[in-house]
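Read off the chains here:
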Amino acid sequence: MDLFSISQLAQFSGIKPHTIRIWEQRYNALKPDRSEGNTRYYDNVQLRRLLNIVSLQQQRHKVSELCAMSDKQIFKLLDDLPDNTGNDKADGYFISQLIAAGMSYDEIHFEKTFSHCLLKYGMKEAYTKVIHPMLVRLGLLWTKDSIPPAQEHFISNLLRQKFFTAIDALPPAKPGSDCWLLYLPENEFHEIGLLHASYLIRLSGSKAIYMGANLPVESLNEAVDQLLPEHLLLFLVHNNLPRDTEDYLNEIARRFKSKKIFVACQHKILTQVKTPKNVQWLASVADLEQQLASNSVIN
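Residues numbered from 1 in each chain as written. Predicted model: local features only at pLDDT ≥ 70, side-chain atom pairs only at ≥ 80, totals over all residues. Heavy atoms only, no water.

Draft legend 1. Here's a closer look at the overall build of the protein. Across its full length, the protein holds 13 helices and seven strands. Each of the three principal axes of the protein carries a C-alpha extent, and together these read 65 × 45 × 25 Å. Put simply, the protein has 299 residues, and 49% of those count as buried. Taking the contacts inside the protein whose residues are at least 6 apart along the sequence as the reference set, 69% of them involve residues at least 24 apart. A total of about 15100 Å² of accessible surface is found on the protein, and carbon and sulfur atoms cover 50% of it. The positive charge centre, built from 33 side chains, and the negative charge centre, built from 33, are 6 Å apart in the protein. (Helix = DSSP H or I, 4+ residues; strand = E, 2+ residues; numbered from the N terminus. Buried < 20%, exposed > 50% of the residue type's maximum accessible area, 1.4 Å probe, protein only. Contact = heavy atoms within 4.5 Å. Areas by Shrake-Rupley, 256 points an atom, 1.4 Å probe, with all protein chains shown as cover. Lys, Arg positive; Asp, Glu negative; His and termini not counted. Charge placed at Lys NZ, Arg CZ, Asp CG, Glu CD.)

Structure (structure tokens):
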């Protein structure tokens, strides 16, 4: 059983610790255990209860009423909700429920919630409104050790399956289309952003060659020599030293001087690293979409 601090509950739920304490004191929302030093800590059951309360609050239920309910009553309300997520807080509902399902290894509920999310938004909009905010909240995009590794793998692999399914459903690129080679460098393993980029590239009509995670430079070199892509796209997620990142970018820029190299990363890295001329930062999904649109106009 995993144990969480109130600050971790705040991160997972998006509710401030002060508010969680008020809900406990005023409405008896949660019943945390306490350490010998009188510090609150919570288990998976308490975390899921909080996430469910947050989900239902976002569907215009009163917190005071929700906190008075048993878990069984709350689950019943959630079961009645799937077709009633049309308000402007639906994205918050989906985020909370996907986290709740992932943290409790509830694949059935994850699948059900994700299916409703796709019906409402489609994969492209679901990423920006739900998936990316969920991953940021969980800390999966950065190595903060704020989520147990087993649950991280569980959630990440479910999302990977969704993206592969969505990508497979797209038509193949037309002959003569721009070719993008996508990969993660060595010691980079968080693929969700890269998979979303692959989906957008395929959606735009371009060709995406997906090389996956942890790709050595020599293997990259062989792939580029054989496949002759016009563009390379990589994500930097791991918190490397700025100098190491700069050295890596200089190396691939030197090896592939004739290629357009695009790098997506945290904003923090942008301010610490100087890039070669043939390397361009992608600070957001919109930057990639703009680049794909400009390529489409040129072609």
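Draft legend 2. Structural context of the side chain of His 190. Position of His 190 among the secondary structure elements: in the loop between β3 (179–183) and α9 (192–203). Of the polar contacts made by the side chain of His 190, one reaches the side chain of Glu 152; its length is 3.4 Å. Not counting the four nearest positions on each side in its chain, His 190 is found in contact with Leu 140, Glu 152, Leu 184 and Val 237. (Polar contact = N/O pair within 3.5 Å; in protein donor to acceptor, adjacent residues only side chain to side chain.)

Draft legend 3. Summary view of the pattern of salt bridges. Evaluation of the coordinates by the stated rule reveals ten salt bridges. In this structure, Arg 255 engages Glu 218 in a salt bridge whose closest nitrogen and oxygen atoms are separated by 2.8 Å. Pair noted here: Arg 255 is in helix α11 (residues 242–255) and Glu 218 is in helix α10 (residues 217–227), with a separation of 37 residues, a long-range link. Taken together, the shared-partner salt bridges in this structure form one network comprising Glu 218, Glu 251 and Arg 255. (Salt bridge = Lys/Arg side-chain N within 4 Å of Asp/Glu carboxyl O.)

Draft legend 4. Spotlight on the sheet that holds β3. As summarised here, the arrangement of the five strands in space is β4-β3-β5-β6-β7, forming an open sheet in which the pairing is parallel. One side of each edge strand has no neighbouring strand; the edge strands of this open sheet are β4 (207–210) and β7 (279–282). When strand polarity is set aside, the average angle formed by the axes of neighbouring strands in this sheet is 25 degrees. Two strands pair when backbone bridges link them, and β3 and β4 are joined in this way by four bridges, in the parallel orientation. Bridge pairing links Cys 179 to Lys 207 in β4. (Pairing = 2+ DSSP bridges. Axes fitted to C-alpha atoms, helices over the stretch in contact; angles between N-to-C directions.)

Draft legend 5. Region of the structure containing the nonpolar core. Membership of the largest hydrophobic core comes to 73 residues, with the highest contact counts inside it found for Ile 20, Ile 131, Met 134, Leu 138, Ile 155, Leu 159 and Leu 233. The element best represented in this core is helix α7 (residues 107–138), accounting for twelve residues. In this view, Leu 233 contacts Trp 180, Leu 181, Leu 182, Tyr 183, Leu 194, Ala 197, Ile 201, Phe 262 and Leu 282; residues no more than four positions away in its chain are not counted. Counting 22 residues, the second-largest nonpolar core is a separate cluster that includes Phe 256, Ile 261, Val 263 and Val 279. (Core = buried A, V, L, I, M, F, W, Y, C linked by side-chain atoms within 4.5 Å.)

Draft legend 6. Structural detail: the packing of helix α1 (residues 6–13) against helix α3 (residues 44–57). The interhelical angle for the contact between α1 and α3, taken along N-to-C directions, is 40 degrees, at an axis separation of 10 Å. Overall, the two elements α1 and α3 adopt an arrangement that is oblique. The handedness of the crossing between α1 and α3 is right-handed. In contact with Leu 9, Phe 12 and Ser 13 of α1, α3 contributes Leu 47, Leu 50, Leu 51 and Val 54. Classifying every residue of the contact of α1 with α3 by side-chain character gives six nonpolar, one polar and no charged. (Parallel < 35°, antiparallel > 145°, perpendicular 65-115°, else oblique. Left-handed = near helix turned anticlockwise from the far one by under 90°. Nonpolar A, V, L, I, M, F, W, Y, C, P; charged D, E, K, R; others polar.)

Draft legend 7. Structural context of unusual backbone geometry. One non-glycine residue, Arg 60, lies in positive phi territory at about 70 degrees. Residue position: Arg 60 is located in the loop between α3 and α4 (63–67). By relative accessible area, Arg 60 is classed as exposed at 65%. Residue Leu 228 is not a glycine yet carries a positive backbone phi of 50 degrees. In this structure, Leu 228 sits in the loop between α10 and β5 (231–236). For Leu 228, a relative accessible area of 56% translates into the label exposed.

The quantities given are spatial measurements derived from coordinates; they are silent on function.
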